[in-house]
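# Inside the fold
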Amino acid sequence: MRILLSLIIFISFCQYSFSQSFKQDSALKKYSNKIPFDTNKIKDATLLSKSSDVFRYDSLYIWNDKRTLSEIMNERSGYFINDFGLGGRNLINYNGYSSKEVGIFRDGIQVNDILFGGFDVQNISVNEIDKIEEVSNVSSFLYGMTSNAKSINVITKDVFQSKPFSQFRYSQDRYNSLFADVVFNLPFSRKVSWMAGATKHSIDGRYVNSEFDVWNARTRLDYFFSPKLNLKLNFYYDNIKRGLNEGLVNSGNETAMAENTAPVVNTSSNENVENFFYNATLTGRFFKDKNSLTKLMLYSNNTIRWYDNKDTLIIGGYRFYSPPANYHYTQYAADLKQNVNFNFSRKGNLDFLIGGNAYINYYNYSGYNFFNVIDNEYTFLFKADLNYDNFFLSGFGNFNYLNKDNSQFVFIDDIDKTPSYFNFGAESSYKFIFNRKIDLKLFCGINNVRKEIPDIYVPGSNGGSPANGNIRTYYEAGFEFKLNEIFNLKSYYFNSENSFSYLNYEKNSTEGINTSAGIFTKYVNAYLNYNYLNSFIYPQNFLKADIFYHNFLFNKKLDLKTGFNIKYFSSPDNFYLYSQSYYSFYREVPIDLNVNGFQIDYFIGARIGHANINLTIANIFNTFYYDTYLYPADNLGGLLNAISRFT
């Protein structure tokens, strides 16, 4: 309790020592107060699309204290997270697609793992996040190598004001989980700004061999030459160390598996990952219309992974050993895009986007397990958006040419070697405005996409992956209803028809309904999301809710929010074992386990001046469940655990 009191006093002090005001610096009096300090900064230059949905992290998810990008997205409609514990490489899945088909971007630059596929959420500190852009399901495939399911663009904090700005975040959790992040912005002039930040996160782990430690460092130099030309230089470094216990030993005694002393599958495997991301982004506004932007991005991802293991595993009825290995892969990429906006009437405009990507990849690894590895990929894309009054119509496509080296893969003769293919799609919407308080939008879309997905033939599995070179036809249709600022409802039906190119996989389809609703009153707000999915891998039903009371107290100096975060999902038809050594599921080893997921967190958050303080009592009913087989979904909390998380 003494430590907690000290931390509260310390964070209260930080509102004065770290979070400065936005008043103009006296050293800059030569500038008129009527002219904003950031006049030279081109706004929204990091967005992928002008028609996407964007939400702010601090207004929605800072109150119930989300710790990672995966926890944030798990609150959103359509997402399902495979969780391997805090600090794990938790998987972000969407609408029945795997995590290897979800593109993760940071300020418009894709940061997915190019060898294993997917994304390690520990590469992004939650304190970096300012906003998150969700590109439409239909057009997401345009923007990256592995983004045919969804494109998620994390827009980082980029404070540019006349005074230096700093921010500190500290979080304490169970099992000696400590998180600290500090960021500092220094403006040199109206044209030059520098930012630096660092993150430290460590945890002892709930079970044997589940410890975790990460260091993140980042720095940015902004040069705003003029309102027509901006340059950004970024560097990110991540060092991740984690134990890989491969989950708990299966037992019919659920109570025994809920104990922290439950035996684990592997007591010795671990990994150390180093990532180096660096990029240069040049944004120009060379046309008369301010919405027409030229963007050139040059970037690289350099990753080194050391995997160590001494234990053997029992997989599919026989013993399996994953040997120690080192992996090194590097990507060099260039991205050039130009959009041109035409206002042909007071109510209408046309926006054209053309561009291209070039990816050059280098790998250094041993073994034959990797396949569908792309050496080089070149993409040309186009998009045309028509807005007229309340009507929107968009058509888009991309042409892809790629080279693959699959010489080490045992099924090489079965792989479709076609080097080029064309993807296309279209979407439309119309909004009915009944009066100033009520409107209804109808929308629909369709695409036909082939994507080459990195994958692995996991030793111990019976058969290869069906994910290589698949062709998918996706379509959706739905509506969005808004009543003033009191109520909103969005719901849509989707269907994805899949056709696989080898190993005799037949056509199949996945369909579902995603629904999200918000209710807003003077003192009580509620966000509700419901997902229905007919997949045999993911839950058929997933309900998420955030219900809280809010008020301003003490002459509006204290912003208070307190409430409950609720999740329920039905058990998938099949749980699959997961290989932490290869970041992939054992595809032919399903487990018949009927365990529904249910959890309630209680949270209270307060904003005092520039400081936020949050307390969370997680899993107050001590429920024990899985969202990935043999990996408990969350630490046990309960009312007797007085403080599960403090931030």
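Residues take numbers from 1 onward in each chain, read along the sequence in its written order. In keeping with the predicted nature of the model, local features appear solely for residues at pLDDT of at least 70, side-chain atom pairs appear and are counted solely at 80 or more, and the whole-chain, interface and lining totals rest on all residues. Note that the side-chain values use all heavy atoms of the structure and ignore hydrogens as well as water.

## Brief notes about the overall build of the chain
- When you go through the chain residue by residue, the secondary structure sums to 4 helices and 37 strands.
- We call a residue buried when its accessible area falls under 20% of the maximum for its residue type, exposed when it is over 50%, and partly exposed in between, using a 1.4 Å probe and counting protein chains only. Looking at the chain residue by residue over its 647 residues, the buried ones come to 57%.
- Note on definitions: a residue-residue contact is assigned when non-hydrogen atoms from the two residues lie within 4.5 Å. Of the contacts made within the chain by residues no fewer than 6 positions apart, 65% connect residues no fewer than 24 positions apart.
- For every accessible area listed, the method is Shrake-Rupley and the probe measures 1.4 Å; residues are considered covered only by the protein chains on display. When the accessible surface of the chain is summed, it comes to about 27700 Å², and 59% of that surface belongs to carbon and sulfur atoms. Strands are runs of DSSP state E lasting at least 2 residues, helices are runs of H or I lasting at least 4, and numbering of each runs from the N terminus.

## A short note on the sheet that holds strand E1 (residues 53-56)
- DSSP bridges decide pairing: two strands pair if at least two such bridges lie between them. Strand order across the open sheet formed by 5 strands is E1-E6-E7-E4-E5, with mixed pairing between neighbours. What marks the edges here is a single partner per strand, and that holds for E1 and strand E5 (109-110).
- Across 2 bridges, strand E4 (residues 102-106) lies against E5 in antiparallel orientation. Each bridged residue has a counterpart across the sheet, and for arginine 106 the counterpart in E5 is isoleucine 109.

## Regarding the environment of asparagine 326
- Turning to its location among the elements, asparagine 326 is positioned in strand E17 (residues 325-343).
- Between the C-alpha atom of asparagine 326 and that of arginine 305, which follows or precedes it by 21 residues, the distance is 5.7 Å.
- Beyond its immediate sequence surroundings of up to four residues, asparagine 326 is in contact with Arg305, Trp306, Tyr307, Asn364 and Tyr365.

## Here we look at the environment of serine 202
- Along the chain, the position of serine 202 falls in strand E10 (residues 192-203).
- On a C-alpha basis, the gap between serine 202 and isoleucine 240 in space is 9.8 Å, while along the polypeptide they are 38 residues apart.
- Serine 202 has contacts with Asn176, Ser177, Leu178, Phe212 and Asp213, leaving out every residue within four places of it along the chain.

## Considerations on the packing of aromatic side chains
- Stacked, tilted and edge-to-face pairs are distinguished by plane angle, under 30 degrees for stacked and over 60 for edge-to-face with tilted covering the rest, among Phe, Tyr and Trp rings (Trp via its six-membered ring) whose centres lie within 6.5 Å. This structure, assessed with the given rule, holds 34 aromatic pairs.
- Residues phenylalanine 160 and phenylalanine 224 carry aromatic rings whose centres are separated by 4.8 Å and whose planes lie at 50° to one another, so their mutual orientation is tilted. In this pair, phenylalanine 160 sits in the loop between strand E7 (150-156) and strand E8 (165-173) while phenylalanine 224 sits in strand E11 (residues 212-226), placing the two residues 64 residues apart along the sequence. Across the pair, phenylalanine 224 and phenylalanine 160 agree in class, each one buried.
- With a centroid separation of 6.3 Å and 25° between ring planes, the pair formed by tyrosine 474 and phenylalanine 494 is classed as stacked. Separated by 20 residues along the polypeptide, tyrosine 474 in strand E25 (residues 470-483) and phenylalanine 494 in strand E26 (residues 487-499) bring together distant segments of the chain. For the residue pair tyrosine 474 and phenylalanine 494, the accessibility class agrees, reading buried in each case.
- Grouping aromatic residues by their ring pairs yields a cluster made of Phe80, Tyr538, Phe542, Phe569 and Tyr625.

## So, the pairing of strand E29 (residues 541-553)
- As paired strands, strand E28 (residues 524-533) and E29 are joined by 9 bridges and run antiparallel to one another. Bridged to leucine 528 within E29 is alanine 545.
- Of the strand pairs in this sheet, E29 and strand E30 (residues 558-569) are connected by 12 bridges, and their pairing is antiparallel. By the bridge assignment for E30, lysine 544 is matched with lysine 567.
- Hairpin connection between E29 and E30: a loop of 4 residues separates the two successive antiparallel strands, and phenylalanine 554 in this loop has a positive phi of roughly 55°.

## Re the nonpolar core
- Among the buried residues, those of types Ala, Val, Leu, Ile, Met, Phe, Trp, Tyr and Cys that are joined through side-chain atoms within 4.5 Å form a nonpolar core. Counting residues in hydrophobic clusters, the biggest one holds 54 residues, and the most contacted among them are Leu69, Ile72, Met73, Ile92 and Ile129.
- When sequence neighbours within four positions are dropped, the list of residues in contact with isoleucine 129 reads Tyr57, Leu69, Ile72, Ile124, Val154, Ile155 and Lys157.
- Residues Phe116, Tyr307, Tyr586 and Tyr631 belong to the second largest nonpolar core, which totals 42 residues.

## Looking at the environment of glutamine 599
- In this structure, glutamine 599 sits in strand E33 (residues 597-608).
- Of the residues examined, glutamine 599 reaches a relative accessible area of 9% and is grouped as buried.
- Counting along the chain gives 33 residues from glutamine 599 to isoleucine 566, while the straight-line C-alpha distance between them is 5.9 Å.
- In the analysis that follows, any N or O atom pair within 3.5 Å is treated as a polar contact, provided that within protein one partner can donate a hydrogen and the other can accept it, and provided that, for residues neighboring in sequence, both atoms belong to side chains. A polar contact of 3.0 Å, which involves the side chain of glutamine 599, links it to the side chain of aspartate 601.
- Polar contacts involving the side chain of glutamine 599 include one to the side chain of tyrosine 625, which spans 3.0 Å.

## Some words on the pattern of salt bridges
- Here, a salt bridge means any Lys or Arg side-chain nitrogen found within 4 Å of an Asp or Glu carboxyl oxygen. What the rule picks out here adds up to 29 salt bridges.
- Two residues, aspartate 308 and lysine 310, come together in a salt bridge whose shortest N-O distance is 3.4 Å.
- Taking the relative accessible area as the measure of exposure, lysine 310 reaches 60% and is therefore exposed.
- Ionic contacts of the salt-bridge type, sharing partners, join the residues Lys41, Asp107, Asp158, Arg220, Asp222 and Lys232 into one network.

## Considering the pairing of E30
- Among the 12 residues that make up E30, 9 are buried, leaving the element largely enclosed by the rest of the structure.
- Examined bridge by bridge, E30 and E33 share 12 bridges and lie antiparallel to one another. Following the sheet pairing, leucine 558 is matched in E33 by isoleucine 608.

## A word on the confidence of the model for the chain
- Note: pLDDT gives the predictor's confidence per residue, expressed from 0 to 100. This prediction gives the chain a mean pLDDT of 85; 87% of its residues lie at or above 70.
- For the stretch residues 408-415, pLDDT sits under 50, and the model shows 19 contacts to residues farther than four places along the chain or on other chains.
- Low confidence marks residues 463-468, where pLDDT is under 50. Its contacts with residues over four positions away, or in another chain, come to 24 contacts.

## Some thoughts on the side chain of serine 428
- In this structure, serine 428 sits in strand E22 (residues 420-433).
- Exposure remark for serine 428: the relative accessible area of 17% places this residue in the buried category.
- In this structure the side chain of serine 428 is engaged in a polar contact, spanning 2.9 Å, whose partner is the backbone oxygen of phenylalanine 392.

## A closer look at unusual backbone geometry
- Positioned with a positive phi, asparagine 209 is a non-glycine residue whose angle comes to about 60°.
- Within the secondary structure, asparagine 209 sits in the loop between E10 and E11.
- With a phi angle near 60°, glutamate 246 is a residue other than glycine that sits in the positive phi range.
- Judged by its relative accessible area of 6%, glutamate 246 falls in the buried class.

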